[in-house]
Amino acid sequence: SCVVKVTASALTPAAGASVTLTATANKDLGPTVWFADIVDENGAIVLGCGSGTTCTTTVTSASAAAHQYTAKLSTSPTSISGGGPASATVAVTWN
């Protein structure tokens, strides 16, 4: 079965700095029904990726803020559906 995890290039960046989020799956998503989606704490999708084992996206915050990002296996790149497993959550706090 597929599993996915999320990592961040920085956990306490300065306000305005960019952070790279990486979703890593344990197998190539291309032949599967799954997309690796990264969502924030509000459920907004910041990445939807359907091929390969590693996908990245960049997030930023102009002001001090804390956001939580979770990778989920979904059957859609634009919504969370299909009941796939989720990763542990990564918290990024801009200072």
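Note that the structure is predicted; figures quoted are calculated from it, not measured.

Undergrad: I would appreciate a short explanation of the overall build of the protein in the present structure.
TA: For the protein, the count of helices and strands is 0 helices and 7 strands. Its helices and strands in sequence order give the protein the pattern β-β-β-β-β-β-β, from N to C terminus. For a compact globule of 95 residues, the expected C-alpha radius of gyration is about 12 Å, and the protein comes in at 13 Å, within 12% of that figure. C-alpha extents for the protein along the principal axes are approximately 40 × 20 × 20 Å. A burial count over the protein gives 34% of its 95 residues as buried. Restricting to contacts in the protein with at least 6 residues of sequence separation, those with at least 24 account for 64%. Surface accessibility of the protein: about 4600 Å² in total, with carbon and sulfur atoms responsible for 53%.

Undergrad: Where do I start with the side chain of Ser74 in this structure?
TA: Structurally, Ser74 can be placed in strand E6 (residues 65-74). Take Ser74: its relative accessible area is 0%, and that puts it in the buried class. Among the polar contacts made by the side chain of Ser74, one reaches the main-chain carbonyl oxygen of Ser76 at a distance of 3.1 Å. Setting aside residues up to four positions removed in sequence, Ser74 forms contacts with Val33, Trp34, Phe35, Asp37, Ser79, Ile80 and Ser81.

Undergrad: How should the pairing of strand E2 (residues 18-25) be read in this particular structure?
TA: Consecutive side chains along a regular strand alternate between the two faces of the sheet. Bridge count for strand E1 (residues 4-8) against E2 is 5 bridges, and the pairing is antiparallel. Bridging from a neighbouring strand, Val4 pairs with Ala25 of E2. Of the strand pairs in this sheet, E2 and strand E5 (residues 54-60) are connected by 7 bridges, and their pairing is antiparallel. Residue pairing for E5: Ala23 is matched across the bridge by Cys55.

Criteria and cut-off values
- Residues numbered from 1 in each chain as written.
- Predicted model: local features only at pLDDT ≥ 70, side-chain atom pairs only at ≥ 80, totals over all residues.
- Heavy atoms only, no water.
- Helix = DSSP H or I, 4+ residues; strand = E, 2+ residues; numbered from the N terminus.
- Rg over C-alpha atoms; globule rule 2.2 N^0.38 Å.
- Buried < 20%, exposed > 50% of the residue type's maximum accessible area, 1.4 Å probe, protein only.
- Contact = heavy atoms within 4.5 Å.
- Areas by Shrake-Rupley, 256 points an atom, 1.4 Å probe, with all protein chains shown as cover.
- Polar contact = N/O pair within 3.5 Å; in protein donor to acceptor, adjacent residues only side chain to side chain.
- Pairing = 2+ DSSP bridges.

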